Amino acid sequence: MTSSLPTDYWGRVVYLASHYAGSFLNGAWKTIAIAVVGTAAGCIIGFLVGIIQTIPVSPKDPWYKKAVLKIVRLILNVYVEVFRGTPMMVQAMFIYFGALQYTSLKLSMWSAAFLIVSINTGAYMAETVRGGILSIDIGQTEGAKAIGMSHFQTMLYVIFPQALRNIIPQIGNNLIINLKDSSVLSVIGTIELFYVAKQNAGTYYWYFEAMTIAMILYLIMTLTASRLLRWWEKKLDGPANYDLATTDTLAFTSGLVEYPADADDHFAERNKEGGEER
Amino acid sequence: MSEVILEIRHLSKTFGTNVVLRDIDFEVRKGDVISIIGASGSGKSTLLRCTNFLETPTSGQIIYHGKDLTASRIDEAAYRARVGMVFQSFNLFNNMTVLQNCMTGQIRVLKKKKEEAEAEARKYLEHVGMLPYINAKPRQLSGGQKQRVAIARALAMGPEILLFDEPTSALDPEMVGEVLAVMKDLAASGMTMMVVTHEMAFARDISSQVVFMKDGVICEQGSPDQIFKNPQRSETKDFLSRFMNS
């Protein structure tokens, strides 16, 4: 059998790719699952933390509200600083083995993997979301308040959708980082793409060839991710043009909209201009 | 005299050590159109923003239908839903279309059904001549168009009073007319309005009362005829002569 093994580089790559396709694809699939779930969960954590950090406190509020908010914010700050300030690889071992040795909580390797990526991403996203919320013009908040929306409604229906649009590039960054950095989870035995690549490499000592395949798969995943996020951005922006809603069907053929028939002249004039501009 | 909706009593506002409003006292009756005029920095906008609690008054009272809103913790959101506001910078929701802008408050705050909210929104958008643009996003509209949508959005909430904070100051001169025309219609329909403005013709011809502010206090107050034809205070005379000649 050994005599039939290829000896050249491309031959070995093809050999590994065809004989271990299932194993590589399974690893890649796990990598995608960890990255996507971790990024999504991280975004949710980030949004929750970001919203709590931006709750306005007025001097009229009762003392207990201020106190609770202060304590919660302190805890959240510690969370962000700790998980942003330490390597994910160390966090992985710290949490996985720590939980194993000293608590009755026995994390499965998979739940540990998802948990670690989520809280790590959450720490980064918290700051991103806070920035995203602060980047929205104060006028949007005032507009929402002026029609009687509560802080929560203002956030949910007005600020959040706009902040989300602004931070999509950063979410994309996190997704790409997670696709790649989930490879450090191999230290706790998570069977993702890097882990299986190393395993398959070890079978024949074909490290260069196995890593070539891993490189290609990682690249395919990250390039796809960035394209998908671009598409999502475009979709959120909505169409660049809009249709004039008018009951006057002739308006469409003339290209001008006279509206309304009984309005003052300057209305009709404005609408004509508007029609021509676009 | 018609019913008093809003009373402002001894209202003061300070930012740090900077006193912006000092002992402001006046009332708004149903159907009043009150123009607030004065130089930049005289506290006009702050007064309007205090009126619907976008700024918290430092002291004094705001009494709405006999109820003192500054005395206890009140539901500011519920009050704001009754008092509409139109801003200098429009503040339309950029993530929504024109129609959604006029519906969201009705659905989220007034808890109306979607169909009902849409019918109301369309009605007011038609009033301001923006019905053809219901599918447009704010960024696709001109300043005057945005401001007309903003007025429709405020009207769709069925407010008792409308506050206008320099509604035409951010507009190109040729667009000022279309917004003023809408406001003129509103005033004629009996809407109660408080308008901070630099449009002296509007203050003179449309309003029922004119308030002249200087350095955070109400300097002079009266009917448009009194203020424009026969001002009592020298500050008012100075201000108006500068404005009318320019």
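Residues numbered from 1 in each chain as written. Chains lettered and ligands numbered in written order. Predicted model: local features only at pLDDT ≥ 70, side-chain atom pairs only at ≥ 80, totals over all residues. Heavy atoms only, no water.

### Things to note about the interface of chain B and chain A
Facing 45 residues of chain B, the contacting portion of chain A comprises 37 residues. It is B:Pro132, B:Tyr133 and B:Gln140 that lose the most area in chain B upon contact with chain A, and together they represent 18% of the buried surface on that side. Across the contact surface, chain B and chain A share 1 salt bridge. Across the chain B-chain A interface, the total number found is 9 residue pairs in polar contact (both at pLDDT 80 or more). Of all elements in the fold, only helix H2 (76-82), strand S6 (83-86), helix H3 (98-108), helix H5 (143-156) and helix H6 (173-188) of chain B reach the threshold of two or more residues within the side of chain B that touches chain A. Taken together, the residues of the side of chain B that touches chain A sort by class into 21 nonpolar, 12 polar and 12 charged. (Contact = heavy atoms within 4.5 Å. Buried area = accessible area lost by both parts, 1.4 Å probe. Salt bridge = Lys/Arg side-chain N within 4 Å of Asp/Glu carboxyl O. Polar contact = N/O pair within 3.5 Å; in protein donor to acceptor, adjacent residues only side chain to side chain. Helix = DSSP H or I, 4+ residues; strand = E, 2+ residues; numbered from the N terminus. Nonpolar A, V, L, I, M, F, W, Y, C, P; charged D, E, K, R; others polar.)

### A word on helix H4 (residues 88-102) of chain A
Residues and elements named next belong to chain A. For H4, which comprises 15 residues, the first-to-last C-alpha distance of 20 Å matches the rise-based estimate of 21 Å (1.5 Å per residue) to within 8%. Within the sequence span of H4, burial applies to Met88, Gln91, Ala92, Ile95, Tyr96 and Ala99. What you see down the axis of H4 is that its buried residues fit within an arc of 110°, all on one side. H4 presents Phe94, Gln101 and Tyr102 as exposed residues on the side facing more than 90 degrees away from its buried surface. In this fold, the buried residues of H4 make contact with helix H3 (63-84), helix H5 (109-135) and helix H7 (151-181). (Expected span 1.5 Å × (residues − 1). Buried < 20%, exposed > 50% of the residue type's maximum accessible area, 1.4 Å probe, protein only. Arc of directions from axis to C-beta.)

### So, the confidence of the model for chain B
Should the pLDDT be low somewhere, the predicted coordinates at that spot are not to be read in detail. In the predicted model, chain B carries a mean pLDDT of 92, and the fraction of residues at 70 or more is 98%. The ipTM value of the predicted complex is 0.90, and its pTM value is 0.79. (pLDDT = per-residue confidence, 0-100.)

### Things to note about the pattern of salt bridges
Tallied over the full model, the rule gives 21 salt bridges over all chains. In this structure, the salt-bridge partner of A:Glu233 is A:Arg165, at a minimum N-O distance of 3.6 Å. Residue A:Glu233 is located in helix H9 (residues 207-237), and its partner A:Arg165 is located in helix H7; the two are separated by 68 residues in the primary sequence. Taking relative accessible area as the criterion, A:Glu233 reaches 14% and is therefore assigned buried. With relative accessibility at 23%, the residue A:Arg165 sits in the partly exposed group. Here B:Glu118 ties to B:Arg122 by a salt bridge, and the two come within 3.1 Å at their closest N and O atoms. Linking B:Glu118 with B:Arg122, this pair stays in helix H4 (residues 114-127), spanning 4 residues, or about one helical turn.

### What about the sheet that holds S6(B)?
Residues and elements named next belong to chain B. The sheet built from 6 strands is open, its strands ordered S6-S7-S8-S3-S9-S10 with mixed pairing. Each of the sheet's edge strands pairs with one partner strand only, and the pair in question is S6 and strand S10 (217-222). Between one strand axis and the next, the sheet turns by 20° as a mean value, whatever way the strands run. By the bridge criterion, 4 bridges tie S6 to strand S7 (residues 161-165) in an arrangement that is parallel. (Pairing = 2+ DSSP bridges. Axes fitted to C-alpha atoms, helices over the stretch in contact; angles between N-to-C directions.)

### Description of the packing of helix H2 (residues 21-53) of chain A against H7(A)
Residue and element names in this part refer to chain A. At a minimum axis distance of 10 Å, the contact between H2 and H7 shows a crossing angle of 145°. H2 and H7 meet at a crossing whose hand is right-handed. Counting all contacts with H2, which are made through Thr31, Ile32, Ala35, Val36, Gly38, Thr39, Cys43, Phe47 and Ile51, the residues of H7 involved are Met155, Phe160, Leu164, Ile167, Ile171, Asn174, Leu175, Asn178 and Leu179. Partitioning the contact of H2 with H7 into residue classes produces 13 nonpolar, 5 polar and no charged. (Left-handed = near helix turned anticlockwise from the far one by under 90°.)

### Quick notes on the layout of surface pockets
Here the largest pocket defines a volume of roughly 1000 Å³. Listed by contribution, the elements that provide at least two residues to the lining of the largest pocket are H5, helix H6 (138-146) and H7 of chain A together with H2 of chain B. Here the lining of the largest pocket is composed, by residue class, of 15 nonpolar, 8 polar and 11 charged. Its volume calculated, the second largest pocket comes out at about 470 Å³. Lining the second largest pocket are 21 residues; nearest its centre among them are A:Gln162, B:Asn94, B:Asn95, B:Lys137 and B:Arg139. Counting only elements with at least two residues in the lining of the second largest pocket, the list comes to H7 and H9 of chain A. Looking at the lining of the second largest pocket, the element that brings in the most residues is H7(A), giving 5 residues. Its residues placed into classes, the lining of the second largest pocket shows 7 nonpolar, 7 polar and 7 charged. (1 Å grid on protein atoms, 1.4 Å probe; cavity = no way out; pocket = protein on both sides within 12 Å on 5 of 7 lines; lining within 4 Å. Points joined across faces, edges and corners; volume = space filled by probe spheres on them.)

### With respect to the confidence of the model for chain A
All names here are of chain A. Chain-level statistics for chain A give a pLDDT mean of 84 and a share of 87% at 70 or above. Mean pLDDT across the elements of chain A bottoms out in helix H11 (residues 265-277) (44) and peaks in H6 (94). In the predicted structure, residues 254-278 sits below a pLDDT of 50 and forms 41 contacts with residues beyond four places in sequence or in another chain.

### Points about the side chain of B:Thr192
With respect to the helices, strands and loops of the structure, B:Thr192 is situated in strand S8 (residues 192-196). Apart from residues lying up to four places away in sequence, B:Thr192 is in contact with B:Ile5, B:Val28, B:Arg29, B:Lys30, B:Gly31, B:Asp32, B:Glu160, B:Ile161 and B:Leu162.

### With respect to the sheet that holds strand S4 (residues 59-64) of chain B
Residues and elements named next belong to chain B. Read across the open sheet, the 4 strands follow the order S2-S1-S4-S5; overall the sheet is antiparallel. Because the sheet does not close on itself, it has two edges, and the strands there are strand S2 (18-29) and strand S5 (67-68). Examined bridge by bridge, strand S1 (residues 4-15) and S4 share 5 bridges and lie antiparallel to one another. If you follow glutamate 7 over to S4, its bridge partner there is isoleucine 63. Docked against the sheet, helix H1 (residues 44-51) engages S1, S2 and S4, running at close to 120° with respect to S1.

### What to know about the state of the cysteines
Residue and element names in this part refer to chain B. For the structure on display, the rule yields 0 disulfides over all chains. Free of any disulfide, cysteine 50 has its nearest cysteine sulfur in cysteine 219, 19 Å distant. The class of cysteine 50 is buried, set by a relative accessible area of 0%. (Disulfide = S-S within 2.5 Å.)

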